[in-house]
Amino acid sequence: MLTEGTATRVNSTFISEKVSRIRWIPEQYDESSNFITTSWDLDVNNVKLWKLVRNDYGGGLDEEDENEFVPRCTAEICFTGDISGLEFVGEGHCVVSNTEGFVSLIALDRERDEDQLQERFRFENLHRFDTFSTLNGAPCTALSVHDTDVATVGEDGRLNVLSTVGQKVLRSISGADSCTISCVAFLNPKEVLTGNRLGIIKCFDIRAESQKPTGSFAVSCEDEKRSNSVTCLAYHPTQRHIILAGSEEGSITVWDLRQPQFPASYLKAHEHAITELAFHRTQPSRLFSASEGGELWQWNQNTLPSAASATGFMHDTSSVMAAAAASDTNNPWLNGERAKSKIAVTSLLSGIRKAINSFDSCRSKVICGGDNEAIYLVENVV
């Protein structure tokens, strides 16, 4: 059952550009107040560094129609082509993928009086329709990061694995797929999952000599006569054999990779395509999903042991993660039809009417952006 998030507080800021990706900047000890956005659908697109600052012109906490905090852009770097992916890699660096077929390694310099973004290295011609030419470039559709390695996929059906330390291509599988690969996710240092426009997910061992996948399986679809494009992939933080795939029809299909022959669960979710799926970074019982219909939902499993009270849940994340990993039988994502009764779904944002393309969570805050050219900060998410 879908419920409204009554305790949350939403701040919105219009920034006059469509947001393709958004990520909090990782902070080791403090709650982050800095984040990065990327844009699309402009003649010249950008990567921007933002800082949340107190709104001196607002009404403060007593006036709910005013934002307490607003984002202020502190640095910017521009690119031609739409930016399709953004993730942090190592300390103080991020990588972005581009529809012109390249990936850039960007350094964040926040030690100076003024913040700076600098392109340190560019992996050129990663994706191309013509294997023997660098002129016919293909869009890079998505990327995934594991430690300092980066996996990229594109409309050319190619899978690349890059090293940001050695600044070189470690592996390139030109025939990973015969159609557009829409999403990618590192399962572990040697295995990568890809999802394509026909609804097929493939697993590749990037250390093996073979260019063929080690396994493949298809997402479920309400209409069995049509394909259902895979739009995004996510894995459970403490049980990486549990894989979730968002789809074009708005549903979520769940697999247990130890028994991948059939899906463990199929959940009908959004009315429109799911744009991103991700678990909370420190609280694995919480999943977030965004859709092209302008919705942001939280999926909260309610089967944790009773000892993990609401207070303990918020303040002792290590014990919660241990409890979540203790037994697969307690994980509602593997419970088939019963999963629907074991997961509470809360609407954090709705009615935006344009796609929410990306979001990121940090403790009790979620930030998101999309095609309505605004950034939303959702606070007090529990």
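Quick caveat, the model's predicted, so the values are computed rather than measured. (Residues numbered from 1 in each chain as written. Predicted model: local features only at pLDDT ≥ 70, side-chain atom pairs only at ≥ 80, totals over all residues. Heavy atoms only, no water.)

K.L.:
Just checking my understanding: could you explain the overall build of the chain for this structure?
P.N.:
A count of helical and extended segments in the chain gives three helices and 29 strands. Taking all 382 residues of the chain together, 53% fall into the buried category. Residue pairs at least 24 apart in sequence account for 53% of intrachain contacts in the chain once pairs closer than 6 positions are excluded. Accessible surface, the chain: about 17,600 Å² in total, of which carbon and sulfur atoms supply 46%. (Helix = DSSP H or I, 4+ residues; strand = E, 2+ residues; numbered from the N terminus. Buried < 20%, exposed > 50% of the residue type's maximum accessible area, 1.4 Å probe, protein only. Contact = heavy atoms within 4.5 Å. Areas by Shrake-Rupley, 256 points an atom, 1.4 Å probe, with all protein chains shown as cover.)

K.L.:
Please explain the sheet that holds strand β11 (residues 140-146) as it appears in this structure.
P.N.:
The strands that make up a sheet pair up through hydrogen bonds in the backbone, lying either parallel or antiparallel. Taking strand neighbours across the sheet as the criterion, the four strands line up as β11-β12-β13-β14 in an open arrangement whose pairing is antiparallel. Looking at strand neighbours, the two that pair on one side only are β11 and β14 (168-173), the edges of this open sheet. The average undirected angle you get between the axes of adjacent strands in this sheet is 20°. When β11 meets strand β12 (residues 149-154), the two strands line up antiparallel, connected through six bridges. Paired with Ala142 across the bridge in β12 is Val153. (Pairing = 2+ DSSP bridges. Axes fitted to C-alpha atoms, helices over the stretch in contact; angles between N-to-C directions.)

K.L.:
Help me understand the nonpolar core, please; the structure alone is not making it clear to me.
P.N.:
As a rule of thumb, soluble globular proteins bury nonpolar side chains together. Formed by 19 residues in total, the largest nonpolar core has its most connected members in Leu244, Ile252, Val254, Leu277, Leu287, Trp299 and Trp333. Looking at this core, the elements that each hand over two or more residues are β19 (230-235), β20 (242-247), β21 (251-256), β23 (274-279), β25 (296-301) and β26 (343-349). No other element matches β23, which puts three residues into this core. By size, the runner-up hydrophobic cluster in this structure holds 16 residues, among which are Leu49, Ile77, Phe79 and Leu117. (Core = buried A, V, L, I, M, F, W, Y, C linked by side-chain atoms within 4.5 Å.)

K.L.:
Explanation requested: the packing of aromatic side chains in the structure shown.
P.N.:
Geometrically, a pair of aromatic rings is defined through the distance of the ring centres and the angle of the planes. All told, the structure shown has nine aromatic pairs when counted by the stated rule. Centre to centre, the rings of Trp24 and Phe35 are 5.9 Å apart; their planes meet at 80°, and the pair counts as edge-to-face. In this pair, Trp24 is assigned in strand β3 (residues 18-24) and Phe35 in strand β4 (residues 34-40), connecting sequence segments eleven residues apart. As far as burial versus exposure is concerned, Trp24 and Phe35 are alike and both buried. A ring pair is formed by Trp299 and Trp333, whose centres lie 6.2 Å apart and whose planes are at 45°; its orientation type is tilted. (Phe/Tyr/Trp six-rings, centres within 6.5 Å; stacked < 30°, edge-to-face > 60°.)

K.L.:
I would appreciate a short explanation of the side chain of Arg171 in the present structure.
P.N.:
Assignment of secondary structure puts Arg171 in strand β14. Of the side chains with opposite charge, Asp205 comes closest to the buried, unpaired Arg171, at an N-O distance of 6.4 Å. Within the structure, the side chain of Arg171 is placed 2.7 Å from the backbone oxygen of Ala208, a separation counted as a polar contact. Contact partners of Arg171, with chain neighbours within four places excluded, come to Leu159, Asn160, Val161, Asp205, Ile206, Arg207, Ala208, Glu209, Ser210 and Gln211. (Lys, Arg positive; Asp, Glu negative; His and termini not counted. Salt bridge = Lys/Arg side-chain N within 4 Å of Asp/Glu carboxyl O. Polar contact = N/O pair within 3.5 Å; in protein donor to acceptor, adjacent residues only side chain to side chain.)

K.L.:
Would you explain the pairing of strand β13 (residues 159-163) in this entry?
P.N.:
Walk down a regular strand and you will see the side chains alternate between the two sheet faces. With respect to burial, β13 is a largely interior element, five of its five residues being buried. The alternating pattern of β13 places Leu159, Val161 and Ser163 on one face and Asn160 and Leu162 on the opposite face, and all of these are buried. Note that β12 and β13 share five bridges and pair antiparallel. Across the sheet, residue Val150 finds its bridge partner in β13, namely Leu162. The sheet contact formed by β13 and β14 spans five bridges and is antiparallel. Considered in β14, the bridge of Asn160 is made with Ser172. Count of turn residues in the β13/β14 antiparallel hairpin: four residues, of which Gln167 carries a positive phi of about 55°.

K.L.:
So what exactly am I meant to see when it comes to the pairing of β4 here?
P.N.:
Most of β4 is tucked away, with six of its seven residues classed as buried. When β3 meets β4, the two strands line up antiparallel, connected through six bridges. Looking at the pairing, Val19 lines up with Ser39 of β4. Between the antiparallel neighbours β4 and strand β5 (residues 45-54) lie four residues, among them Asp41 with a positive phi of about 70°.

K.L.:
Help me out: how do you make sense of the sheet that holds strand β17 (residues 200-205) in this one?
P.N.:
Strand order in this open sheet of four strands is β15-β16-β17-β18, and the pairing throughout is antiparallel. The sheet terminates laterally at β15 (181-188) and β18 (215-218), the two strands that pair on one side only. Direction aside, the axes of adjacent strands within the sheet are offset by 20° on average. Of the strand pairs in this sheet, β15 and strand β16 (residues 191-196) are connected by six bridges, and their pairing is antiparallel. The residue bridging Ala185 from the neighbouring strand is Leu193, located in β16.

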